[in-house]
Every structure is written in C-alpha cells, then in structure tokens.
Amino acid sequence: MLLQRLVEYAESSSEVTPPFYARRPVRFLLYLAADGTPTNTELVDFADPGTPGQRFGISRWMPNVTRTVGVAPTLAADTVEYVLGWVAEDGKADRVAKQHTAFQELIRDWAAAEPDGPAPAIAAFYAGGHAPKVVTDQKWSRADVVAFVVDGQIATEHESAKRYWANVAAGRKGLGRAGYCLVCGHVRDLLKTIPQQIPRRWLPGATQNASLVSVNEASHGYELTKLLAHTPICVTCGLTFMSSLTAVLSDERHSTALPGQNARLAWWLVGGSRFDPMAPLDAPDLDDARALLATPGDGIEPGDDDLSTFCSVTVGGNVARVVIRDWVEMPLPRVKDHIRSWIDDHEIADWSGEVTQVRLTQLVRAAGRWQVGRGGAPGSWVNLGTRGEDRPAGLQHALLRAALLHNPLPPRLLTHVLNRIRTDGRVDPARAALIRLGLRRRPDRTDESERLTPTLNLDNNDPAYLSGRAFAVLDDLQQTVFRAANQPLNTTFAERYMGRAITNPRVVLVNGQRTSTAWLRRLRGPLRKPGWAKAYATRLDDIFAQIDTSRDSIPSTAVLAQKAQFVLGFHQQRAAMRAERIAAAAKKKNTDLPPASDDQPTTEGDAE
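Residues numbered from 1 in each chain as written. Predicted model: local features only at pLDDT ≥ 70, side-chain atom pairs only at ≥ 80, totals over all residues. Heavy atoms only, no water.

A. Representation of the overall build of the protein in the model. When helices and strands are tallied, the protein shows 19 helices and 17 strands. The C-alpha radius of gyration of the protein comes to 32 Å, more than 25% above the 25 Å expected for a compact globule of 608 residues. Each principal axis of the C-alpha atoms in the protein carries an extent, and together these give about 105 × 55 × 50 Å. Counting over 608 residues, the protein shows a buried share of 51%. Restricting to contacts in the protein with at least 6 residues of sequence separation, those with at least 24 account for 70%. One finds the centroid of the 72 positive side-chain charges in the protein at a distance of 7 Å from the centroid of its 68 negative side-chain charges. (Helix = DSSP H or I, 4+ residues; strand = E, 2+ residues; numbered from the N terminus. Rg over C-alpha atoms; globule rule 2.2 N^0.38 Å. Buried < 20%, exposed > 50% of the residue type's maximum accessible area, 1.4 Å probe, protein only. Contact = heavy atoms within 4.5 Å. Lys, Arg positive; Asp, Glu negative; His and termini not counted. Charge placed at Lys NZ, Arg CZ, Asp CG, Glu CD.)

Here's what the structure looks like:
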C-alpha cells in the first residue's frame, strides 16, 4: 500500500521529481549557441565557498542514476571527466578517455532520437572539435559537475532530456523481461534493481544513500535469488515511487525531523485536498488551528477533503538501508477529528492566563533539560541532539502518532517530564501542556476530561490539584512579603520545595501553613498591608477548606497521576493570579491582590 500511495501521489502532484533525476550541485555551466558554437570558451564557475549551500555550485535537478564501477554517463550533464575528458592528478587517463567517449555517444543517440531539442547543438559542439578548447582558470576536482546551456536553457531541464533519459536509465536497470507488477497490477517491463536511491541526509541514522527495496544478497531473497526477480516491480512504478518519496522527504512542507530524534516523518494527501495536517500542530500562528476547531460548528467540509486520504511514513536509516518505522493511511476527515482532539487535550493557559496551543516541536524541546542563564541572562532549553539534553528517544514520533491517530501517551513520558520539573524546578506553559496531555491521554485513565480544563478549574476538588494551587499561593505570598519589605529574596518557596512537594505535598504544605502565619502577620503589622494579607488568607482558606471537605486528604506519598495533578494545579493557579493582575492593571476588573512584581515569569526560553 505504501508504494501504491506514492505512485498515486505522483499522478496528482506537480512537485514530484522527474524520473531518474536528483538534486546535484552544478559547478560549471558551458553556454552554447543553437549551432553548437560555444559563446565563451571559458567555463562559468558558480561555486562560492562563502555562500551557504553553494560551496560546490548551485543545486539543480540533474539526471541521476546509481553508478558502481562501470562507465555510465548521465545525459547532458556530468563530471568534468565525462563531459570534457579532463584527467585529474590522481586520475586514470585510459578510464577518463572511455568515460568521455561514452558521454559523446549518449549525446549522439539523444540527438538522433530527439532532433527538436538541445541535443543536436551539443552533438555539433563535439563534432566541431570545440571540447578541447574549453578552459577554466579555477582549481577543479574530478567530481565537479558541468552542464550545458543551449540557447539560454539548461539542457537537462528540457522535456526531451527528461523523456529520453528516463528510457536510457530504465534500460540500464531493467530485468530484461515483462511480468505482473505488484504495485500497479499490470504486465509491464520489470526492474532488476530499484533505479534510484534516497540521499542519506533525508534518512536519520543512515551513513550511505539507500534504496527503499533492496535484495542484493542471495540470503535476502526468496529461493536464494538476488535482485528483484521474486519482487516484481515495473519500471514505471519503481521510478515513480522513488521520485515521490524523495520529493516528500526533501520538502519542508511535507516532512519534518528534529535533531536527536532518529526519524523523519513525511506526509502527503491523495484525492485532491489542499489541507495541511501539520499546520495546526506546528504552525507559526494558530489561525489554522482555530479554523479547524470551528469547522464542525459550521457543518461545511470541502468535497475534496471528504474523499481524500492522509498518508504518512516515518523513516530512519541503518547504513545503506531504509528503515520504515511507521506507516499510516487514514481518511482525512478522521485525521481532522484527531487533530481537534489533540488541541482540546493539550491547550493550556499561558503566563498571562490566555488559553494557547503549544507547538509540537516546543513540546519536544520542553521535555529536555532546562539550563539557567548566567549573569542574569535568560535560561534556555538544551539544544536538540546535543549531549545531556535528556529527551526521550523518538518523542517527536510518539507525539505525532498521538496527534494524528489519537493514541494514548505512555506513562513513562509523564514520569520523565515530572522528573525534569523536579530536577530543573521549572514549570512553564509547554511543560504544563505536556502534563495535561499526559493526564488526558493516559491508557488507564478514567473519564475525567471535564476536570482537566486548560485554565484554572475551581470545581476540581482533587486533593493533589488543590495542593498545587495552595503551593502556588504560598509561593506568591512569600514573594509579596519580601517585595513589600524591600528585602532581596535569593530562593523562593517554590524553588526550595518544588521537588519535595511533587512527591510529598502534605509535608511541604503543613510546613507552608505554619510559615504563612508569620508572613501574613508581617503584612498586617510592620508592613501595613492588611488588605493584601486578607487577599492571601482568603485564597488559602478557600483551598484548604475544599481539601478538608473532599473524600481524600493531601497526599503524603503521591502516585504518578497525583504528581501530575499537583503540577497542573500549581501552574494554573499561578497563571490565573497573573491574569487577574493584568486585567486589573488594564482596569478591566478589580482585584484584591497586590500589583505584579518586576520579575514575573516570562516566555524567555519558550521561543524556538
């Protein structure tokens, strides 16, 4: 099914690579007139070491086929050995002569088959003896590529070149007989080997370019037979699905990968839809996500979307082998439903109290180690793929599957995030979103979606959640007391006790209640802030009253779900108090809380 869907995608897309073509850096261009006369005997050099991506020339779509030790020229563009017969210092003159002769023969055959294209001009160039006159004053290597430009057009980009090269390359890779193709179901000429390879840069973990289907050892094949004799794939399908897969893997609009995650996900749609399923998950803005959430309400779905199919493949590499880690084929309307559920399950209140969706890539980053900035500088996440990042392997893949397939999250992810919070002492919207997502997507969870809201839920009477809320109020109270007294505060209540409070809220909160009595007394007395003291006392009394009336008390040995509820309550209470202060500062509502401090949490480090 994977190969069939890749072929179907090629038939409906204009973005697929031409058969037996690949992007290659072209260093030199040789300009010819229509009669084959060079317009300049000196090669035009496009290599620029100072420009990113142009060290060896300009990247262009060029004829390409896997070459072994034999002489096998490509059409209208190749290395200086094939095109001009130049011999490098470490080259072999006899072999270069054979390569140069073979290239000229291919040009003559092309000119005879396609007389209306650029081929006759290039053939006339060689027949007129112009090749030995071409020079360059630049240092060159035997791997530098030369391409012809005839009458202002690069010859390899002409339709006649694409058409003729597909026939030539297919003949080199053909099995020499016809048969039933497993992909298209027709009787056609079959392949001996897969004609193209996927560049290793698109396959995390690969050390060489790789083929999607390969039987190059007798022990790998049926009845100890090498090549594709017992895996019949026709020439057309083999060319098409390799071009399609290379196209989607190399296109940022159709693929994604993060350093250190050892996988690359590629996706495409079959059926005509233009919907981008990744935009709501990782878009620079959230307009697409909000529009998607509103779609069920208006009851209107484009016809193409109803009939389209979403396909995705997750690949990795092992030396010269493609590793298929995951294959998904699903009706597009169901994928949209799953994305809506993903947004519902993870969106969270940010520092200002506004509900926001966190990018999927940011969720991956937030699962890693947080490093505090030095000398007052803002902190940041440890870079992806670097030593000591402490991110679960394959996390991006797991989150994508959860989003697209509505899969539960493994409990180990929730455990990992909680351990990172205990170690780093950092709770921010991205980590809170992971906590909420983990709670709502637990495999063993009961139906508690109504309680796990993105913003503060005053009706959630879970003792662990209430304990997190009380912890946030105590932390805010301490900072207010020291700010009012104009005293420096080296370590906040949350910074000192967060790790212990997550695992044993009872001990920390009992101690916090005792300490809060002294803090409230200072506000009422020496600091002359009785209104502030009353605001904090009321909030603490309300929260502890809810705990007292619940069936369970404050946890003393918290299990996984209780730890997560504690962190969620802490974040949402803190966000709610800050939102209340922001609204009061804008004169949109009244509050009895003291004004915000200058060191309120910011989004520093949350940016990508």
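B. The arrangement of the pattern of salt bridges in detail. The full count for this structure, using the stated rule, is 23 salt bridges. Its salt-bridge partner being arginine 401, residue aspartate 326 comes within 2.5 Å of it at the nearest N-O pair. With aspartate 326 in strand S13 (residues 309-331) and arginine 401 in helix H12 (residues 395-405), this residue pair connects regions lying 75 residues apart in the sequence. Among the residues examined, arginine 401 registers a relative accessible area of 26% and is labelled partly exposed. Overlapping salt bridges bring together Asp390, Arg420, Asp424 and Arg431 as one network. (Salt bridge = Lys/Arg side-chain N within 4 Å of Asp/Glu carboxyl O.)

C. Fine view of the pairing of strand S2 (residues 28-32). Of all five residues that make up S2, four are buried, and the element is covered over most of its length. As paired elements, S2 and strand S3 (residues 44-45) share two bridges and run antiparallel to each other. If you follow leucine 29 over to S3, its bridge partner there is valine 44. Relative to strand S6 (residues 145-150), S2 is paired through five bridges, and the arrangement is parallel. (Pairing = 2+ DSSP bridges.)

D. The arrangement of the packing of helix H13 (residues 411-424) against helix H14 (residues 429-440) in detail. At their nearest, the axes of H13 and H14 sit 10 Å apart, and the two run at 150° to each other. With respect to H14, the axis of H13 lies roughly antiparallel. Both H13 and H14 take part in a crossing whose hand is left-handed. Here H13 contributes Leu414, Val417, Leu418, Arg420, Ile421 and Asp424 to the contact with H14, which in turn contributes Arg431, Leu434, Ile435, Gly438 and Leu439. Split into classes, the residues belonging to the contact of H13 with H14 amount to seven nonpolar, one polar and three charged. (Axes fitted to C-alpha atoms, helices over the stretch in contact; angles between N-to-C directions. Parallel < 35°, antiparallel > 145°, perpendicular 65-115°, else oblique. Left-handed = near helix turned anticlockwise from the far one by under 90°. Nonpolar A, V, L, I, M, F, W, Y, C, P; charged D, E, K, R; others polar.)

E. Highlighting helix H10 (residues 332-346). The end-to-end C-alpha separation of H10 is 21 Å, in line with the 21 Å expected for 15 residues at 1.5 Å each. Regarding H10, the residues found buried are Leu332, Val335, Lys336, His338, Ile339, Arg340, Trp342, Ile343, Asp345 and His346. (Expected span 1.5 Å × (residues − 1).)

F. Structural detail: the side chain of arginine 264. Structurally, arginine 264 can be placed in strand S12 (residues 264-270). Looking at arginine 264, its side chain comes within polar contact range of the main-chain oxygen of leucine 249, at 2.9 Å. In this structure arginine 264 touches Trp202, Pro204, Leu249, Ser255, Thr256, Ala257, Val313, Thr314 and Val315, once residues within four positions along its chain are discounted. (Polar contact = N/O pair within 3.5 Å; in protein donor to acceptor, adjacent residues only side chain to side chain.)

G. Highlighting unusual backbone geometry. Unlike most non-glycine residues, histidine 406 shows phi in positive territory, near 60°. Residue placement: histidine 406 occurs in the loop between H12 and H13. Its relative accessible area of 35% is what places histidine 406 among the partly exposed residues. Although it is not a glycine, lysine 587 adopts a positive phi angle of roughly 60°. Relative to the assigned elements, lysine 587 resides in the segment after helix H19 (560-585).

H. Seen up close, the nonpolar core. Among the nonpolar cores identified, the biggest contains 83 residues, and Phe310, Trp342, Leu399, Ile435 and Phe471 are the most heavily contacted of them. Sorting elements by how many residues they give to this core places helix H15 (residues 463-484) first, with nine residues. Beyond its immediate stretch of four places on either side in the chain, isoleucine 435 contacts Leu414, Val417, Leu418, Ile421, Ala564, Val567 and Leu568. Counting residues in hydrophobic clusters, the runner-up holds 73 residues, among them Val65, Phe103, Trp110 and Cys311. (Core = buried A, V, L, I, M, F, W, Y, C linked by side-chain atoms within 4.5 Å.)

I. Main features of H12. Among the 11 residues of H12, nine are classified as buried, and the element is accordingly described as predominantly covered. All of the buried residues along H12 are Leu395, Gln396, His397, Leu399, Leu400, Ala402, Ala403, Leu404 and Leu405. Of the residues trailing H12, histidine 406 is marked for its positive phi of about 60°.

J. The confidence of the model for the protein, seen in detail. Per-chain confidence: the protein averages 86 in pLDDT, with 90% of residues scoring 70 or above. Looking across the protein, the model is least confident in helix H8 (residues 287-298), with a mean pLDDT of 56, and most confident in helix H4 (residues 119-127), with 96. In this model, residues 602-608 is a region of pLDDT below 50 whose contacts with residues beyond four sequence positions or in other chains number 23 contacts. (pLDDT = per-residue confidence, 0-100.)

K. Spatial organisation of the packing of H15 against H19. Relative orientation of the contacting elements H15 and H19 amounts to 45°, with a least axis distance of 6 Å. Taken as axis vectors, H15 and H19 run oblique relative to one another. Seen from above, H15 lies across H19 with right-handed handedness. Residues Ala464, Tyr465, Ser467, Gly468, Arg469, Phe471, Ala472, Val473, Asp476 and Thr480 of H15 pack against Gln562, Gln565, Phe566, Leu568, Gly569, Phe570, Gln572, Gln573, Arg574, Met577 and Arg581 of H19. For the contact of H15 with H19, a count of residues per class yields nine nonpolar, eight polar and four charged.

L. Representation of the packing of aromatic side chains in the model. Applying the stated criterion across every chain yields a total of 13 aromatic pairs. Ring geometry for tyrosine 9 and tryptophan 268: centres 6.3 Å apart, planes at 50°, overall tilted. Taken together, the residues tyrosine 9 in helix H1 (residues 2-12) and tryptophan 268 in strand S12 connect sequence positions 259 residues apart. Tyrosine 9 sits in the buried class, given a relative accessible area of 6%. Where phenylalanine 125 meets phenylalanine 148, the ring centres are 5.6 Å apart and the plane angle is 70°; that geometry is what we call edge-to-face. Of this pair, phenylalanine 125 sits in helix H4 while phenylalanine 148 sits in strand S6; the two residues are 23 residues apart in sequence, bridging distant segments of the chain. Take phenylalanine 125 and phenylalanine 148: they sit in the same class, and that class is buried. The aromatic ring of tryptophan 370 is capped on one face by arginine 426, whose charged end is 3.7 Å from the ring centroid. Positioned over the ring face of tryptophan 532 is lysine 529, at 4.6 Å from the centre of the ring. (Phe/Tyr/Trp six-rings, centres within 6.5 Å; stacked < 30°, edge-to-face > 60°. Lys NZ or Arg CZ within 6 Å of the ring centre and 35° of its normal.)

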